[in-house]
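As a plain string of letters, each chain reads:
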Amino acid sequence: MKSGNPVNTPLLVGLLMHYYCKADPPPNSDAPAVQSGIRLLLDCELIEEDDGLPEYCVTERGCAHIQAICKLKLPEIVWQTPSSGL
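Residues numbered from 1 in each chain as written. Predicted model: local features only at pLDDT ≥ 70, side-chain atom pairs only at ≥ 80, totals over all residues. Heavy atoms only, no water.

Colleague: Can you explain the packing of aromatic side chains? Please cite residues and give values.
Modeller: With the rule as written, the count across this model stands at one aromatic pair. When the centroid spacing of 5.7 Å and the interplanar angle of 85° are considered together, the rings of Tyr19 and Tyr56 count as edge-to-face. One end of the pair, Tyr19, is in helix H1 (residues 10-21); the other, Tyr56, is in strand E2 (residues 56-58), with 37 residues separating them in the sequence. Considered together, Tyr19 and Tyr56 belong to a single accessibility category, that of buried residues. (Phe/Tyr/Trp six-rings, centres within 6.5 Å; stacked < 30°, edge-to-face > 60°. Helix = DSSP H or I, 4+ residues; strand = E, 2+ residues; numbered from the N terminus. Buried < 20%, exposed > 50% of the residue type's maximum accessible area, 1.4 Å probe, protein only.)

As structure tokens, this is what we get:
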């Protein structure tokens, strides 16, 4: 994988989560962006071909990536004023 983390785009996170939940093809699976995303997830070893099925399953590495994403805190709106020092 290149420097940075290209797997944190909404499309790729959605694809990874999709295969984590089920092995059915994702919506719009024939779209070029989805096909490219699947190839990237395969290249990063986050998904792999599922034996006996035409689709993919999430690898241990992919599960660890999902768990790391789930541990991220949601952003919060914090109001600040020049005098608050925030």
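Colleague: Before we move on, could you go through the nonpolar core and cite the residues and values that matter?
Modeller: In this structure, Leu16, Ile38, Leu41 and Ile47 are the most contacted members of the largest nonpolar core, which totals 14 residues. Broken down by secondary-structure element, the contributors of at least two residues to this core are H1, helix H2 (32-43) and E2. Broken down by element, the residue count for this core peaks at four residues, all from H1. Those residues within four positions of Ile47 in sequence are excluded, and the remaining contacts are Leu16, Tyr19, Ile38, Leu41, Leu42, Tyr56, Cys57, Val58 and Thr59. (Core = buried A, V, L, I, M, F, W, Y, C linked by side-chain atoms within 4.5 Å. Contact = heavy atoms within 4.5 Å.)

Colleague: Any chance you could break down unusual backbone geometry for me, citing the residues and the numbers?
Modeller: In most cases, non-glycine residues show a negative phi, while peptide bonds are predominantly trans. The backbone of Asn28 shows a phi angle near 55°, a positive value even though the residue is not glycine. Along the chain, Asn28 turns up in the loop between H1 and H2. Among the residues examined, Asn28 registers a relative accessible area of 58% and is labelled exposed. Of note, Glu45 is a non-glycine position whose phi angle comes to about 60°, a positive value. Within the secondary structure layout, Glu45 lies in the loop between H2 and strand E1 (47-49).

Colleague: Hey, could you go over helix H3 (residues 60-71) for me, with residue numbers and the actual values?
Modeller: The end-to-end C-alpha distance of H3 is 17 Å, a good match for the 16 Å that twelve residues give at a rise of 1.5 Å each. Among the structural elements, H1 and E2 are those in contact with the buried residues of H3. (Expected span 1.5 Å × (residues − 1).)

Colleague: Go over the packing of H1 against H3 with me, naming the residues and quoting the values.
Modeller: Across the interface, H1 lies against H3 with an axial gap of 11 Å and an inter-helix angle of 115°. The chirality of how H1 crosses H3 is left-handed. Along the contact surface, H1 presents Val13, Leu16, Met17 and Tyr20, while H3 presents Gly62, Cys63, His65, Ile66, Ile69 and Cys70. (Axes fitted to C-alpha atoms, helices over the stretch in contact; angles between N-to-C directions. Left-handed = near helix turned anticlockwise from the far one by under 90°.)

Colleague: Help me get a handle on the environment of Leu40, residues and values and all.
Modeller: When you line up the elements, Leu40 lands in helix H2. Between the C-alpha atoms of Leu40 and Leu12, which are 28 residues apart in sequence, the distance is 8.5 Å.

Colleague: Kindly report on the environment of Ile47, identifying the contributing residues and their values.
Modeller: Secondary-structure assignment places Ile47 in strand E1. Judged by relative accessible area, Ile47 falls into the buried class, the value being 2%. Between the C-alpha atoms of Ile47 and Gly62, which are 15 residues apart in sequence, the distance is 6.3 Å.

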